[in-house]
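Observations on the three-dimensional arrangement
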Amino acid sequence: MKKRIFASLLLCSLALTTIVIPGTAFAESIDEKIQQKDSEISNIKGQQSDVQTQIASLESTITDILDEGQELKEQQTTLETKSTELKQEIEDLNLRIEKRSEAIKNQARDVQVNGQSTTIMDAVLNAESITDAIGRIYAVSTIVNANNDLVNQQKADKESVVAKQTENEEKLQEIEDTKAELEVKKQDLVSKQADLTVLKTSLELEQENAEGSKAALLQQKADAEAEQARIAAEQKAATEKAAQEKAAQAEQAASSSSSEASASSETANTTTSTESTQNTEQSTATDTGSSAGSSSSNSGTGSTGGSSGGSTGTPSTSSDATLNALNSLRTSLGLSAVSWDAGLAASAAARAAAIEGNGWQIPSDHWSRGDEVIAIMWAPGNSVIMAWYNETGMSTATGSGHRDWEINPTTTRVGFGYSGSTIVGHSA
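Since we're looking at a predicted model, the values are computed, not measured.

1. What about the overall build of the protein?
Of the regular secondary structure elements, the protein holds eight helices and seven strands. In the protein, buried positions account for 26% of the 428 residues. Residue pairs in contact within the protein that sit at least 24 positions apart in sequence constitute 73% of those at least 6 positions apart.

2. Points about helix α6 (residues 342–357)
Relative to the 22 Å expected for 16 residues at 1.5 Å per residue, α6 spans 22 Å between its end C-alpha atoms, a close match to the ideal helical length. On its buried face, α6 sits against β4 (339–340), β5 (372–376), β6 (413–419) and β7 (422–427). Phi for Gly 359, located one or two positions after α6, is positive at around 65°.

3. Some points on the side chain of Thr 411
Within the element layout of this structure, Thr 411 appears in the loop between α8 (401–406) and β6. Contacts of Thr 411, omitting those with residues within four sequence positions, involve Arg 330, Val 338, Ser 427 and Ala 428.

4. Some remarks on the nonpolar core
Counting residues in each nonpolar core, the largest one holds 16 residues, and the members touching the most others are Leu 326, Ala 375, Val 384, Ile 385, Trp 388, Val 414 and Phe 416. Among the elements of the structure, α5 (321–332), β5, α7 (382–390) and β6 are those that each provide at least two residues to this core. In this structure, Phe 416 is in contact with Asp 320, Thr 322, Leu 323, Leu 326, Trp 340, Ala 345, Ala 348, Trp 388, Trp 405, Val 424 and Gly 425, ignoring residues within four places of it in sequence. Core analysis: the next-biggest nonpolar cluster, separate from the first, contains 11 residues, Leu 58, Ile 62, Leu 182 and Leu 203 among them.

5. Here we look at the pairing of β5
Burial analysis of β5 places five of its five residues in the buried class, which makes it a mostly covered element. Side chains of β5 alternate between two faces, with Glu 372, Ile 374 and Ile 376 and Val 373 and Ala 375 buried alike. Both β5 and β7 contribute to a ladder of five bridges, which runs antiparallel. Bridged to Val 373 within β7 is Gly 425.

6. Here we look at the pattern of salt bridges
Throughout the structure, instances matching the rule amount to 11 salt bridges. The residue Asp 38 makes a salt bridge to Lys 214 at a minimum N-O spacing of 2.6 Å. A residue pair is termed long-range when its members are at least 10 positions apart, and Asp 38 in helix α1 (residues 24–114) and Lys 214 in helix α3 (residues 130–282) qualify at 176 residues. A relative accessible area of 31% means that Asp 38 is categorised as partly exposed. In this structure Lys 214 comes out as partly exposed when scored by relative accessible area, which is 24%. The salt bridge involving Glu 167 is made with Lys 171; its shortest N-O contact spans 3.2 Å. Here Lys 171 and Glu 167 lie together in helix α3, a separation of four residues that amounts to about one turn.

7. Some remarks on the confidence of the model for the protein
Keep in mind that low pLDDT regions are not for reading the predicted coordinates in detail. Here the protein averages 75 in pLDDT, while 72% of its residues score no lower than 70. Predicted confidence in the protein is weakest over helix α4 (residues 287–312), with a mean pLDDT of 30, and strongest over β4, with 97. Note that residues 267–317 has pLDDT below 50 and, in this model, 15 contacts with residues that lie over four places away or in other chains.

8. Considerations on the packing of aromatic side chains
Summed over all chains, the structure comprises three aromatic pairs. On the basis of an interplanar angle of 55° and a centroid distance of 6.0 Å, the ring pair of Trp 388 and Trp 405 is categorised as tilted. Of this pair, Trp 388 sits in helix α7 while Trp 405 sits in helix α8, and the two are 17 residues apart along the sequence. Exposure remark for Trp 388: the relative accessible area of 0% places this residue in the buried category. Assessed through its relative accessible area of 5%, Trp 405 is described here as buried. Ring centres of Trp 405 and Phe 416 lie 6.2 Å apart, and the angle between their planes is 65°; this geometry places the pair in the edge-to-face category. Remark: Phe 416 occurs in strand β6 and Trp 405 occurs in helix α8; sequence separation between them is 11 residues. Its relative accessible area of 3% is what places Phe 416 among the buried residues. By way of ring pairs, the aromatic residues Trp 388, Trp 405 and Phe 416 are connected into one cluster. A cation over an aromatic ring shows up here: Arg 403 above the ring of Tyr 389, its NZ or CZ 5.2 Å from the ring centre.

9. So, the pairing of β7
Regular strands show a simple pattern: their side chains alternate between the two faces of the sheet. The element β7 is largely enclosed, with a buried count of six among its six residues. Here β6 folds back onto β7, and the loop between the two strands holds two residues, one of which, Gly 420, carries a positive phi near 60°.

10. Quick look at the packing of α5 against α7
Contact pair α5 / α7: the axes reach a minimum separation of 8 Å and the direction vectors enclose 45°. In terms of orientation, α5 lies oblique with respect to α7. In the crossing of α5 with α7, the sense of the turn from one axis to the other is right-handed. Contacts between α5 and α7 involve Thr 322, Ala 325, Leu 326 and Leu 329 from the former and Asn 382, Val 384, Ile 385 and Tyr 389 from the latter. When the residues that make up the contact of α5 with α7 are grouped by side-chain class, the tally is six nonpolar, two polar and no charged.

11. A closer look at empty space enclosed by the protein
Within this structure, the stated rule accounts for one cavity of 30 Å³ or more. Taken as a whole, the largest cavity holds about 30 Å³ of empty space. Taken together, Leu 326, Arg 330, Trp 405, Glu 406, Thr 411, Val 414 and Ser 427 make up the full set of residues lining the largest cavity. For the lining of the largest cavity, the secondary-structure elements that each account for two or more residues are α5 and α8. Class assignment of the residues belonging to the lining of the largest cavity gives a composition of three nonpolar, two polar and two charged.

Criteria and thresholds
- Residues numbered from 1 in each chain as written.
- Predicted model: local features only at pLDDT ≥ 70, side-chain atom pairs only at ≥ 80, totals over all residues.
- Heavy atoms only, no water.
- Helix = DSSP H or I, 4+ residues; strand = E, 2+ residues; numbered from the N terminus.
- Buried < 20%, exposed > 50% of the residue type's maximum accessible area, 1.4 Å probe, protein only.
- Contact = heavy atoms within 4.5 Å.
- Expected span 1.5 Å × (residues − 1).
- Core = buried A, V, L, I, M, F, W, Y, C linked by side-chain atoms within 4.5 Å.
- Pairing = 2+ DSSP bridges.
- Salt bridge = Lys/Arg side-chain N within 4 Å of Asp/Glu carboxyl O.
- pLDDT = per-residue confidence, 0-100.
- Phe/Tyr/Trp six-rings, centres within 6.5 Å; stacked < 30°, edge-to-face > 60°.
- Lys NZ or Arg CZ within 6 Å of the ring centre and 35° of its normal.
- Axes fitted to C-alpha atoms, helices over the stretch in contact; angles between N-to-C directions.
- Parallel < 35°, antiparallel > 145°, perpendicular 65-115°, else oblique.
- Left-handed = near helix turned anticlockwise from the far one by under 90°.
- Nonpolar A, V, L, I, M, F, W, Y, C, P; charged D, E, K, R; others polar.
- 1 Å grid on protein atoms, 1.4 Å probe; cavity = no way out; pocket = protein on both sides within 12 Å on 5 of 7 lines; lining within 4 Å.
- Points joined across faces, edges and corners; volume = space filled by probe spheres on them.

So, in structure tokens, the structure goes:
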């Protein structure tokens, strides 16, 4: 992931921790997570729709079963009503059968007790005339037929009772079996409906959680955008401040140059006066002595001047404001000044251009080398040197990584490179 440096923070490789802000990659990561949540929510809604369809289908089937059960109940009520009627009819038939049976028994008893036999032959033999014989024959025939009808009706009524009882019982049993089957189906469907209802509730909870996660991601995105806006405002303010400091440094440098020019002029006048006095004194000496005395004075001056320069560590003047500020700092601390190295300056400039062109992304090898410091959004000269020295806005592992680079007593040569808002320093 690309890293962006907070405005006005400095970086170096001496065990420094890079400070980053939520950038484009972070925003893209949040957008991807939000899209994933949208897809998850859409999938959950699709499952909910499918579950709702299944629940509606089950409810329709249950309704059909209830309707069918209601029809069976109505049929059962009708059959029970018919059964009640049939029972009454059976009771009536049984009563008639009982009466017929009693009549048949009585008739048989009369024949046995009274010795009467109702036959056609007896009727003819006992007839007083042909007309009487015919009448007797008809009467006997009627009685016989009535008895036969009575017996046949008795038999038919008994068979009818048995058939109706059997049919009624079969229909009632069929209804009971159908009702039991429908009840099993109903319970199975109700169980499935309960499972689907639980699944629906689970999906609703998943959707609620997913929407909650999405809301949190949207809040993170809003917070990141607000942070980016704040950092952009800080960078703008830092740029304006750096420009003001640079202008003030330029004005200060111009004033210092003027003061140094005046001091140099006074020193030159003093030297000229001294040389004039020495020349006057030398003119009174002998030629050999004068030559010897002059040679001794130049040598001594050169030696003394070299000794003085080595002991004070006076920085060499340079057109690079950052080098001059670094040497001023080092000499104020009793350290030797460092010299400008064109090769180090060239490598530092290339490094600064690469960092600036890559959106302030720090090269990976920066953290494994100890001869490099990096600053972003600081003005060259005393501003960046003092920021490094004071660890202004820095976050380091040791707490003094930038300062250690500046006051390293073994450093003799440095070079600074500039590109846009980036400053890179290399040392040797």
